[in-house]
Each structure stands twice: as C-alpha cells, then as structure tokens.
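# Descriptive structure summary
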Amino acid sequence: MATKRKSKGAYMISAVAEMYEIHPQTLRLYEREGLLRPSRSEGNTRLYTDEDLERLEFILSLARDMGVNMAGIAIVLQMRERMEEMNRQMQGFVDYVRTEMLTRMHEQAPQPGLVTLRRPFGVTSREPAPHGTGRKKVS
C-alpha cells in the first residue's frame, strides 16, 4: 500500500487517518495495543513520523490484504523486530570476522625484500619391487 506523503514530517492523527482512510479511533486502538508508538507534542498531540507511517502501512497490509487479526499482527511485528535485530547482530559478527582476518593477514604478510621459501611436497621415486613383494629393495 503506497501512499504519497511528504518526507521528514510529523503528521497529526487527523491527517494520518485521512491519508489512509481509517478512523482516528483505529489509530488510537493500534497505539493502545502497542502496534504503533507515535511521539507526542508538548500539548500531548500524537505526531506520526515517516517511520510510523511505514509501520502503519505494514499493519494495514496485514489487516486489510491478509485478514490478520490484532494478535497476529502483534506476533508478526515482534518476529520482524527480532529478525532485524538478528540481522544487525549477524552483520556485526561478519564485520568483526572480516576485520580480524584482514588484521591477521596484514600481520602475517612477508616483509619487503624477503623471499618466502616453500618446502617441496615429498615426491620420491621408487624402485620396482623384486618379484612382486611390494617392498622396496634395501641396499
């Protein structure tokens, strides 16, 4: 559900209700249920940010398009928040591993002017075994 809106704004409840064609009481209910958390002005007026509107669009999509009830919406939102937190933690871990690897690679880098010698893999020639014994002739 894409709705045209101004960027970086704070919207009062009546404007949001009109933009999304819902009753202001529905927005109050969503707040009471903990689905939305609009900020408040000094006069205690609800102010909805762009992030609040994105969340509202998701809520309305679940309710209108998929028929999810309030309890289901709360569970979906909670799972979504957990997944986002897990993604942040995983990204932090990936960044840590990348930094560690680069640090260790830098520490183990050969010094300029030195040549790294590698040991050859031990390939030895074998003399043919006498009379199929499978053993090497000892001299």
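My aim in this report is to walk through the structure given alongside it, one point at a time.

Calculation rules
Residues numbered from 1 in each chain as written. Predicted model: local features only at pLDDT ≥ 70, side-chain atom pairs only at ≥ 80, totals over all residues. Heavy atoms only, no water. Axes fitted to C-alpha atoms, helices over the stretch in contact; angles between N-to-C directions. Helix = DSSP H or I, 4+ residues; strand = E, 2+ residues; numbered from the N terminus. Parallel < 35°, antiparallel > 145°, perpendicular 65-115°, else oblique. Left-handed = near helix turned anticlockwise from the far one by under 90°. Contact = heavy atoms within 4.5 Å. Nonpolar A, V, L, I, M, F, W, Y, C, P; charged D, E, K, R; others polar. Polar contact = N/O pair within 3.5 Å; in protein donor to acceptor, adjacent residues only side chain to side chain. Core = buried A, V, L, I, M, F, W, Y, C linked by side-chain atoms within 4.5 Å. Buried < 20%, exposed > 50% of the residue type's maximum accessible area, 1.4 Å probe, protein only. Expected span 1.5 Å × (residues − 1). Pairing = 2+ DSSP bridges. Phe/Tyr/Trp six-rings, centres within 6.5 Å; stacked < 30°, edge-to-face > 60°. Lys NZ or Arg CZ within 6 Å of the ring centre and 35° of its normal. Salt bridge = Lys/Arg side-chain N within 4 Å of Asp/Glu carboxyl O.

## Description of the packing of helix 3 (residues 50-66) against helix 4 (residues 70-107)
Packing of helix 3 against helix 4 brings their axes to within 10 Å, and their N-to-C directions diverge by 135 degrees. When the axis of helix 3 is compared with that of helix 4, the two are oblique. Between helix 3 and helix 4 lies a crossing whose hand is right-handed. From helix 3, R55, F58, I59, L62 and A63 reach across to helix 4, where they touch I73, V76, L77, R80 and E81. Classifying every residue of the contact of helix 3 with helix 4 by side-chain character gives 7 nonpolar, no polar and 3 charged.

## Description of the environment of R40
Secondary-structure assignment places R40 in strand 2 (residues 39-40). Taking the C-alpha atoms as reference, R40 lies 9.6 Å from M12; in sequence the two are 28 residues apart. Sequence-distant contacts of R40, defined by excluding residues within four places in its chain, comprise E31, T45, R46 and L47. A polar atom in the side chain of R40 sits 3.1 Å from the side chain of E31.

## A word on the nonpolar core
Ranked by size, the top nonpolar core spans 18 residues in total, and within it V16, L27, Y48 and L56 carry the most contacts. The element contributing the most residues to this core is helix 3, with 5 residues. For L27, the contacting residues outside a window of four places in its chain are I13, V16, A17, I22, L36, Y48 and L56.

## A few points about helix 4
For helix 4, which comprises 38 residues, the first-to-last C-alpha distance of 55 Å matches the rise-based estimate of 56 Å (1.5 Å per residue) to within 8%. When helix 4 is considered as a whole, its buried residues turn out to be G72, I73 and L77. In this fold, the buried residues of helix 4 make contact with helix 3.

## Re the sheet that holds strand 1 (residues 11-12)
Taken in spatial order, the 3 strands of this open sheet run 1-3-2, and their pairing is antiparallel. The open sheet terminates on both sides in strands that have one partner only, identified here as strand 1 and strand 2.

## With respect to the packing of aromatic side chains
Under the counting rule described, the total for this entry stands at 0 aromatic pairs. Lying over the aromatic face of F58, R80 brings its terminal NZ or CZ to 3.9 Å of the ring centre.

## Some details on the pattern of salt bridges
For the structure shown, the criterion picks out 7 salt bridges. A salt bridge links E85 to R88; its shortest N-O distance comes to 2.9 Å. Separated by 3 residues within a single helix, E85 and R88 lie in helix 4, roughly one turn from each other. With a relative accessible area of 33%, E85 lands in the partly exposed category. Here R98 makes a salt bridge to D95, at a shortest N to O gap of 3.3 Å. Here D95 and R98 lie together in helix 4, a separation of 3 residues that amounts to about one turn. Given a relative accessible area of 45%, R98 falls into the partly exposed group. Looking at D95, the relative accessible area reads 34%, which means it is partly exposed.

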